[in-house]
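In case you want the letters, here they are:
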Amino acid sequence: DTAVSQTPKYLVTQMGNDKSIKCEQNLGHDTMYWYKQDSKKFLKIMFSYNNKELIINETVPNRFSPKSPDKAHLNLHINSLELGDSAVYFCASSPPWTSGRVTVQYFGPGTRLTVL
Amino acid sequence: SQQGEEDPQALSIQEGENATMNCSYKTSINNLQWYRQNSGRGLVHLILIRSNEREKHSGRLRVTLDTSKKSSSLLITASRAADTASYFCATAGYSSASKIIFGSGTRLSIRP
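Residues numbered from 1 in each chain as written. Chains lettered and ligands numbered in written order. Predicted model: local features only at pLDDT ≥ 70, side-chain atom pairs only at ≥ 80, totals over all residues. Heavy atoms only, no water.

1. Let's talk about the overall build of chain A
1) Next: Each helix and strand counted, chain A has zero helices and 11 strands in total.
2) Next: Order of helices (α) and strands (β) in chain A, N terminus to C terminus: β-β-β-β-β-β-β-β-β-β-β.
3) Next: For 116 residues, the compact-globule estimate of 2.2 N^0.38 gives 13 Å, and chain A sits close to it at 14 Å.
4) Next: The dimensions of chain A, computed from C-alpha atoms along their principal axes, are 45 × 30 × 30 Å.
5) Next: Across the 116 residues in chain A, those meeting the buried criterion constitute 43%.
6) Next: In chain A, once contacts between residues fewer than 6 apart in sequence are set aside, the share between residues at least 24 apart is 55%.
7) Next: Here chain A contributes 13 positive and 10 negative side-chain charges, whose respective centroids are spaced 4 Å apart. (Helix = DSSP H or I, 4+ residues; strand = E, 2+ residues; numbered from the N terminus. Rg over C-alpha atoms; globule rule 2.2 N^0.38 Å. Buried < 20%, exposed > 50% of the residue type's maximum accessible area, 1.4 Å probe, protein only. Contact = heavy atoms within 4.5 Å. Lys, Arg positive; Asp, Glu negative; His and termini not counted. Charge placed at Lys NZ, Arg CZ, Asp CG, Glu CD.)

2. Remarks on the state of the cysteines
1) Next: The final tally for this structure, using the stated rule, is two disulfides over all chains.
2) Next: In this model, C23 of chain A is linked to C91 of chain A through a disulfide, with the two sulfur atoms separated by 1.8 Å. With the S-S dihedral at roughly -75 degrees, the linkage between C23 of chain A and C91 of chain A falls on the left-handed side. Of the two residues, C23 of chain A is situated in strand β3 (residues 19-25) and C91 of chain A in strand β9 (residues 87-94); the sequence distance between them amounts to 68 residues. For the pair C23 of chain A and C91 of chain A, one class covers both residues: buried.
3) Next: Between the sulfur atoms of C23 of chain B and its disulfide mate C89 of chain B the distance is 2.0 Å. (Disulfide = S-S within 2.5 Å.)

3. Here we look at the packing of aromatic side chains
1) Next: Under the definition given, this model contains eight aromatic pairs over all chains.
2) Next: Ring geometry for Y35 of chain A against F107 of chain A: centres 5.3 Å apart, planes inclined by 40 degrees, an arrangement best described as tilted. Linking Y35 of chain A in strand β4 (residues 31-37) with F107 of chain A in strand β10 (residues 106-107), this pair joins segments that are 72 residues apart in sequence. Note on accessibility: Y35 of chain A and F107 of chain A belong to one class, buried.
3) Next: Three or more aromatic residues link up through ring pairs in this structure, and these residues are Y33, Y35, F90 and F107 of chain A together with Y35 and F102 of chain B. (Phe/Tyr/Trp six-rings, centres within 6.5 Å; stacked < 30°, edge-to-face > 60°.)

Below, the structure is given as structure tokens:
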């Protein structure tokens, strides 16, 4: 009965490859997010979807493309992987906004991506 | 740009002591949240304080918010070994496309 799950947990790949990370939440939340956490633990938002619609798109290289087939899933596809993409990627979800206010976020366990 | 900055970056205390972490932010907020991250895990929400609140408690946690100084503190009383983790503050603004912005975190170590 995992609330927010991600696969895979670990991903080791060569530079230049294309890879995907999947995320699913069974909390019934409308909004899902992708975050990147670097080696210094700094957590930065990348994308957010609300009911399958992209609402936040930070300054992220267009090699990163999120896809939300339904509001319970948000996948992240990365093309032409680079060394600097090595990080831990977290998926999160949050309940519907009330008057546009962000509420608590529920995080997945993370995917550690290592680009060699 | 990064909104919240935690202080100290790292804190090591003896089990049973109290731990205090501070967070400063730059712009007006709707609410401020604290999260915990155990090593190798995702973040877990601890407590949320709204901009019109000054203090909030949850078990051994006490959070204060001073909007005039744009700062918040998280106090963990009677620390336990299981409290060893990184703690992050996160701020939420007012816009409809608002997002929460995380600080850089405080790494807390509890010595047995």
